[in-house]
Amino acid sequence: GGVIEAVKYRFVDQLAQDQKGKRFAQEKGSRPGLFGGHCLNGLPFLVIVEGELNAASIAQAVEGEGDVLSIGSQSGNILQAVEIAKRYSKVVVWFDEGEKAAEAKKHIRKAIPFKSPVIGSCPLDANDILKVRGVEMLKALMLSIVGPVRSEHPPEVVTPASTPNVGARNTGGIKIGEGAPPIPPHIRPFVRVWT
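Keep in mind that this is a model prediction, so the values were computed, not measured. (Residues numbered from 1 in each chain as written. Predicted model: local features only at pLDDT ≥ 70, side-chain atom pairs only at ≥ 80, totals over all residues. Heavy atoms only, no water.)

**Observations regarding the environment of A85**
With respect to the helices, strands and loops of the structure, A85 is situated in helix 3 (residues 79-85). Residues A85 and L69 lie 16 residues apart in sequence; the distance between their C-alpha atoms is 9.6 Å. Those residues in contact with A85, other than ones at most four positions away along the chain, are L46, V91, I108 and K110. (Helix = DSSP H or I, 4+ residues; strand = E, 2+ residues; numbered from the N terminus. Contact = heavy atoms within 4.5 Å.)

**Re the nonpolar core**
Burial of nonpolar side chains together is a common tendency in soluble globular proteins. In terms of nonpolar packing, the biggest core is built from 22 residues, with V47, I58, V68, V92, W94, L138 and M142 touching the most fellow members. Breaking this core down by element, the ones donating at least two residues are strand 3 (45-49), helix 2 (52-61), strand 5 (90-95), helix 5 (126-133) and helix 6 (135-146). The element that contributes the greatest number of residues to this core is helix 6, accounting for five residues. Among all residues touching V47, those that are not within four sequence positions of it are I58, D67, V68, L69, V92 and M142. Within the second largest apolar cluster, 19 residues are counted, among which are L69, A85, A101 and A111. (Core = buried A, V, L, I, M, F, W, Y, C linked by side-chain atoms within 4.5 Å. Buried < 20%, exposed > 50% of the residue type's maximum accessible area, 1.4 Å probe, protein only.)

**A word on the packing of helix 5 against helix 6**
Put simply, helix 5 and helix 6 touch, their axes get as near as 7 Å, and they point 135 degrees apart. Judged on the interaxial angle alone, helix 6 and helix 5 are oblique. In this structure, helix 5 contributes A126, I129, L130 and R133 to the contact, and helix 6 contributes V135, M137, L138 and L141. In terms of residue class, the contact of helix 5 with helix 6 is made up of seven nonpolar, no polar and one charged. (Axes fitted to C-alpha atoms, helices over the stretch in contact; angles between N-to-C directions. Parallel < 35°, antiparallel > 145°, perpendicular 65-115°, else oblique. Nonpolar A, V, L, I, M, F, W, Y, C, P; charged D, E, K, R; others polar.)

**Quick word on helix 2**
Given 3.6 residues to a turn, an α-helix orients residues that are three or four positions apart in the same direction. Of all ten residues making up helix 2, eight are buried, and the element is well covered by its neighbours. The secondary structure elements touched by the buried residues of helix 2 are strand 1 (8-10), strand 3, strand 4 (66-70), strand 5, helix 5 and helix 6.

**Examining a negative patch on the surface**
The grouping of D96, E97, E99 and E103 at the surface amounts to a negative patch. Turning to its location among the elements, E99 is positioned in helix 4 (residues 98-103). The class of E99 is exposed, set by a relative accessible area of 53%. (Patch = residues over 30% accessible without salt bridge, like charges linked within 9 Å, V, L, I, M, F, W, Y side chains within 5 Å. Areas by Shrake-Rupley, 256 points an atom, 1.4 Å probe, with all protein chains shown as cover. Salt bridge = Lys/Arg side-chain N within 4 Å of Asp/Glu carboxyl O. Lys, Arg positive; Asp, Glu negative; His and termini not counted. Charge placed at Lys NZ, Arg CZ, Asp CG, Glu CD.)

**Observations concerning the pairing of strand 5**
Counted residue by residue, strand 5 has five buried out of six residues, so it is predominantly covered. Sheet topology places strand 3 next to strand 5; five bridges connect them, and they run parallel. Bridging from a neighbouring strand, V49 pairs with W94 of strand 5. Assessed by its sense of winding, the connection that carries the chain from strand 5 through helix 4 to strand 6 (residues 111-115) is right-handed. (Pairing = 2+ DSSP bridges. Right-handed = clockwise from strand over helix to strand, strands pointing away.)

**Regarding the sheet that holds strand 6**
Reading across from one edge, 4-3-5-6 is the order of the four strands in this open sheet, with parallel pairing throughout. Every interior strand has two partners, whereas the edge strands, strand 4 and strand 6, have only one. Going across the sheet, the axis of each strand differs from the next one's by a mean of 20 degrees, ignoring polarity. In the packing of helix 2 onto the sheet, contacts are made with strand 3, strand 4 and strand 5, and the angle to strand 4 comes to roughly 175 degrees.

**Brief notes about the packing of helix 2 against helix 5**
Two elements in contact, helix 2 and helix 5, have axes separated by 7 Å at closest approach and are oriented at 55 degrees. If you check the angle between helix 2 and helix 5, you find them oblique. Seen from helix 2, the contacting residues are L53, N54, S57, I58 and Q60; seen from helix 5, they are A126, N127 and L130. In terms of residue class, the contact of helix 2 with helix 5 is made up of four nonpolar, four polar and no charged.

**Topic: the confidence of the model for the protein chain**
Averaged over every residue, the pLDDT of the protein chain is 75; the share at 70 or more is 67%. Per-element averaging of pLDDT across the protein chain places helix 1 (residues 14-20) at the bottom with 65 and strand 3 at the top with 93. Throughout residues 151-172 the model reports pLDDT below 50, and contacts reaching past four residues in sequence, or to other chains, amount to 60 contacts. (pLDDT = per-residue confidence, 0-100.)

**Brief notes about helix 6**
When the terminal C-alpha atoms of helix 6 are compared, their 17 Å separation across twelve residues agrees well with the 16 Å that a helix rising 1.5 Å per residue should span. What helix 6 keeps buried is the set L138, L141, M142, I145 and V146. The arc that holds every buried residue of helix 6, seen down its axis, measures 125 degrees, which confines them to one face. When the buried face of helix 6 is taken as reference, the exposed residues oriented beyond 90 degrees from it are E136 and S144. The secondary structure elements touched by the buried residues of helix 6 are strand 3, helix 2, strand 5, strand 6 and helix 5. Taken from the residues just after helix 6, G147 is the one with a positive phi, measuring 65 degrees. (Expected span 1.5 Å × (residues − 1). Arc of directions from axis to C-beta.)

Below is the structure:
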């Protein structure tokens, strides 16, 4: 309904990270949730990734064909995504390390483990592939992993799982529970904004 439920900050500048002592912060009162959980649509496949930028990159590539969910990090709790994963005919778990992705099969029977591929001389995650090779390459890679898919369920909005409100603090910015303010003209969003 256009009301802000959570605001999360990511400090991408190393100096800012060093001064603040952390990479992420949330506004006090933010509702916890898996990143991407607010916009799942019950599409034929689900991709579970570790990082939020990877999730945003894949969502851009497979828009309208698959859903994407981030558990926050490779060490994040895959159990938070298990109930959501049950609703999909195919589930890809893409982590940087293949062993970590393979562990997901213990909890998600239909999981297709996928390790960040080595392109050139180093492994590239989804965000790297988007930046280096473009959105079409990332989309082709994702569709080659899932193969032909057909939804077992009618399209629906999938209820996201909750996660602890870790690291929440009042940063003095946007207030939770209020309407979304306009985006300042000097800020160019790298991905669409969902409300």
